[in-house]
Amino acid sequence: MKAIYPGSFDPITYGHIDIIKRASEVFDDFTVVLMNNMRKKPLFSADERLEMIKEATKNLNVKVDLHNGLLVQYVKEKEIKIAIRGLRAVEDFEYEFEMALANREMCPNLEMIYFMTDIRFLFLSSSMVKEIAQFGGELKQWVPQMVEDKLREKFQM
Ligand code: ADP
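Residues numbered from 1 in each chain as written. Predicted model: local features only at pLDDT ≥ 70, side-chain atom pairs only at ≥ 80, totals over all residues. Heavy atoms only, no water.

Novice: Just checking my understanding: could you explain the nonpolar core for this structure?
Specialist: Nonpolar side chains in soluble globular proteins generally cluster together in the buried interior. One finds Tyr5, Ile12, Phe30, Ile84 and Leu151 to be the most contacted residues of the largest nonpolar core, which totals 32 residues. With five residues, helix α2 (residues 46-56) is the largest single contributor of residues to this core. With residues up to four places along the chain from it excluded, the contact list for Ile12 reads Ile17, Ile20, Met52, Ile53, Ala56, Val143, Pro144 and Val147. Judged by nonpolar contacts, the second largest core, of 13 residues, contains Val72, Ile80, Ala83 and Cys107. (Core = buried A, V, L, I, M, F, W, Y, C linked by side-chain atoms within 4.5 Å. Buried < 20%, exposed > 50% of the residue type's maximum accessible area, 1.4 Å probe, protein only. Helix = DSSP H or I, 4+ residues; strand = E, 2+ residues; numbered from the N terminus. Contact = heavy atoms within 4.5 Å.)

As structure tokens, this is what we get:
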């Protein structure tokens, strides 16, 4: 069955990678889709984020794609019926709930499926790693080495 995992991945973290590993074992046609829609002003360009996703998933059975625009446009165009999201704490639930209801209005055939975070990554987010990188903190338990290198490069440390 086909499914996608949309997100901004700015940058990809072990939290995302854990979801990708687990979901790609459930769905045999699984695509990570970088949604480049400027909702949050990204630190990394779409190309940089795409490259990091590709590198981080190169040994997994997943495809990687880029979409400039909204999730609903992508799923209609590609006839996708399932989108995966990850859930951490209650804040994620509220946000995801709102998004899912809004998306259903526009795209009633799309089902969202949620994967609970691994407890190790409960507090991990892309914003957290950017903040740690900015202040020169330890990153190796949160992101792969090449993402750490890119972060250090951005913050010139
Ligand atoms: P978006 O801007 O679309 O929320 P993100 O890259 O921040 O994109 O997140 C993409 C998805 O991955 C979201 O569903 C988010 O909840 C999930 N996610 C992010 N970090 C983690 C984590 N540490 N554990 C589980 N899910 C996560």
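Novice: Would you take a moment to explain the site of the ligand for this structure?
Specialist: With respect to spatial proximity, 17 residues lie near the ligand, and among them Tyr5, Ser8, Arg39, Lys40 and Gly86 are the closest. In this structure, an oxygen atom belonging to the ligand sits 2.5 Å away from a side-chain N or O atom of Ser8. The backbone of Phe121 places a nitrogen or oxygen atom 2.9 Å from a nitrogen atom of the ligand. Protein coverage of the free-state accessible area of the ligand, which is 550 Å², stands at 93%. Given that more than half its atoms are within 2 Å of the pocket grid, the ligand belongs to the largest pocket. (Near = heavy atom within 4 Å. Polar contact = N/O pair within 3.5 Å; in protein donor to acceptor, adjacent residues only side chain to side chain. Areas by Shrake-Rupley, 256 points an atom, 1.4 Å probe, with all protein chains shown as cover. 1 Å grid on protein atoms, 1.4 Å probe; cavity = no way out; pocket = protein on both sides within 12 Å on 5 of 7 lines; lining within 4 Å. Sits in = over half its atoms within 2 Å of the grid points.)

Novice: Could you clarify how one ought to interpret a nonpolar patch on the surface in this entry?
Specialist: Where nonpolar side chains cluster on the molecular surface, the patch consists of Phe93, Phe97 and Leu101 and spans about 310 Å² of accessible area. For Phe93, the position within the fold is in helix α4 (residues 90-106). The exposure class assigned to Phe93 is partly exposed, which follows from its relative accessible area of 47%. (Patch = residues over 30% accessible without salt bridge, like charges linked within 9 Å, V, L, I, M, F, W, Y side chains within 5 Å. Salt bridge = Lys/Arg side-chain N within 4 Å of Asp/Glu carboxyl O.)

Novice: Which parts of the structure should I look at to understand the pattern of salt bridges?
Specialist: Where charged atoms of side chains with opposite charge meet at close range, the side chains can pair. For the structure shown, the criterion picks out 13 salt bridges. For Glu138, the salt bridge identified is with Lys140, shortest N-O distance 3.3 Å. Since its relative accessible area comes to 47%, Glu138 is described here as partly exposed.

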